[in-house]
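Coordinates in review
One-letter residues, chain by chain:
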Amino acid sequence: MIVVTGSTGNSGTHFIRELEAHGFDQPVRCLVRTSTAVDGLVASPLDIEVLTGELDDPTFLDVALSGADTVVHIASLRFSPAIVAAALRQGVRRVLLVHTAAVFSRHKSASLEYRALEAQVAALLAATEHQIEVTILRPTMIFGQPRDHNVSVFIRLVDRLRVVPLINGGASTLQPVHASDLGRAYHQALTRGTLPRAEYVLSGERPVRLRELLQQISSGLGKRTLFVAVPLLLAGPAARAVRALTANRVDVVEKVLRMGEDRSFPHDRAAQDFGYAPRPVADTLAEEVAWYVARHATLS
């Protein structure tokens, strides 16, 4: 039996679809919150058991992980220490933890929290003699409708503005990954068996400069967008001034600084060890623009 957290989230939904598409024949226990809609899980052809509870409740986790061979933890990284602790108590053989490549950021303040949480996981594993296989999967910027809060922001920006400022001229590189590629990757990692490495970056097909990404969006929307370069040396102080003038109510300093940071990471190890092969970024980005245009037309 496998236990899955985050099964109704963006990439988690695609993971369940991958299990369905491949005729997964083992029992699947999905852990969800009380407020979560589970219609899709109930209607699935998979042998799914839905358990309702909180992932920070040790008693619930002990019940939920009892009898499990593998845990696929797609929900928030902040629950990873609790998940691993329960897996150790219940003698689980294998845990796949979906974390984030944002842990590598030079600016993201939350990366400090991410590293602290992963240190807790490492300490738990170091303190036990139980042989448990823990694999960390690190997606980059995740996108894919209808629950996209990344690329969709860029699409709305280009749609609404005739002139778009580009920090550092949009020269920074991104490697966004579609949620459907992640769902496929989780399935590949699950079914490949023992993996020789502990961590894998799951990035998009190739690095793309921010300017290129926005230009493709503009073209897909049929816009004639004027992109204006803004030096990072000016953008940073301007963002800090806005934060000061609004008494910290509007704080975009970190977001502005990250716009000038390269956020592309190779996924060679994942490709080598379990066949990870994300779709072309031009195709997945075109899908998102088309989805946005269709939805906008429906709402108009």
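For the structure given in this document, a descriptive report is provided here. These figures come from a predicted structure and were not determined experimentally.

Reading guide: rules and limits
Residues numbered from 1 in each chain as written. Predicted model: local features only at pLDDT ≥ 70, side-chain atom pairs only at ≥ 80, totals over all residues. Heavy atoms only, no water. Phe/Tyr/Trp six-rings, centres within 6.5 Å; stacked < 30°, edge-to-face > 60°. Helix = DSSP H or I, 4+ residues; strand = E, 2+ residues; numbered from the N terminus. Buried < 20%, exposed > 50% of the residue type's maximum accessible area, 1.4 Å probe, protein only. Pairing = 2+ DSSP bridges. Axes fitted to C-alpha atoms, helices over the stretch in contact; angles between N-to-C directions. Contact = heavy atoms within 4.5 Å. Parallel < 35°, antiparallel > 145°, perpendicular 65-115°, else oblique. Left-handed = near helix turned anticlockwise from the far one by under 90°. Arc of directions from axis to C-beta.

**Looking at the packing of aromatic side chains**
Counted under the stated rule, the structure contains 3 aromatic pairs. Aromatic side chains phenylalanine 15 and tyrosine 186 sit 6.1 Å apart centroid to centroid with 65° between the ring planes, which places their arrangement in the edge-to-face category. Placement of the pair is phenylalanine 15 in helix α1 (residues 10-21) and tyrosine 186 in helix α7 (residues 179-192), with a sequence separation of 171 residues. Judged on exposure class, the residue phenylalanine 15 and its partner tyrosine 186 are both buried. Relative to phenylalanine 265, the ring of phenylalanine 104 lies with its centre 5.3 Å away and its plane at 50°, an arrangement referred to as tilted. Here phenylalanine 104 is found in the loop between β5 (94-98) and α5 (110-126), whereas its partner phenylalanine 265 is found in the loop between α10 (253-259) and α11 (268-274), with 161 residues between them in sequence.

**Quick word on the sheet that holds strand β11 (residues 199-202)**
Strands sit in the order β3-β2-β1-β4-β5-β6-β11 across an open sheet of 7 strands; the sheet is parallel. Whereas interior strands pair on both sides, the edge strands pair on one side only; in this sheet they are β3 (48-52) and β11. Going across the sheet, the axis of each strand differs from the next one's by a mean of 20°, ignoring polarity. Where strand β6 (residues 133-139) and β11 come together, 4 bridges link them in parallel fashion. Along β11, the bridge assignment pairs proline 139 with leucine 202. Sitting on the sheet, helix α3 (residues 58-65) touches β1 (2-5), β2 (28-32), β3 and β4 (70-73), and the angle it makes with β2 is about 165°.

**What to know about the packing of helix α6 (residues 151-160) against helix α8 (residues 210-221)**
Look at α6 against α8: their axes get within 9 Å of each other, and the N-to-C directions meet at 60°. Between α6 and α8, the crossing angle belongs to the class labelled oblique. The way α6 lies across α8 gives a crossing that is right-handed. Two secondary-structure elements touch here, α6 through Phe154, Ile155, Val158 and Asp159 and α8 through Leu210, Leu213, Leu214, Ile217, Ser218 and Leu221.

**Some words on α6**
Along α6, the residues classified as buried are Val151, Ser152, Phe154, Ile155, Val158 and Asp159. Looking down the long axis of α6, one finds its buried residues gathered within 155° of arc, a one-sided arrangement.

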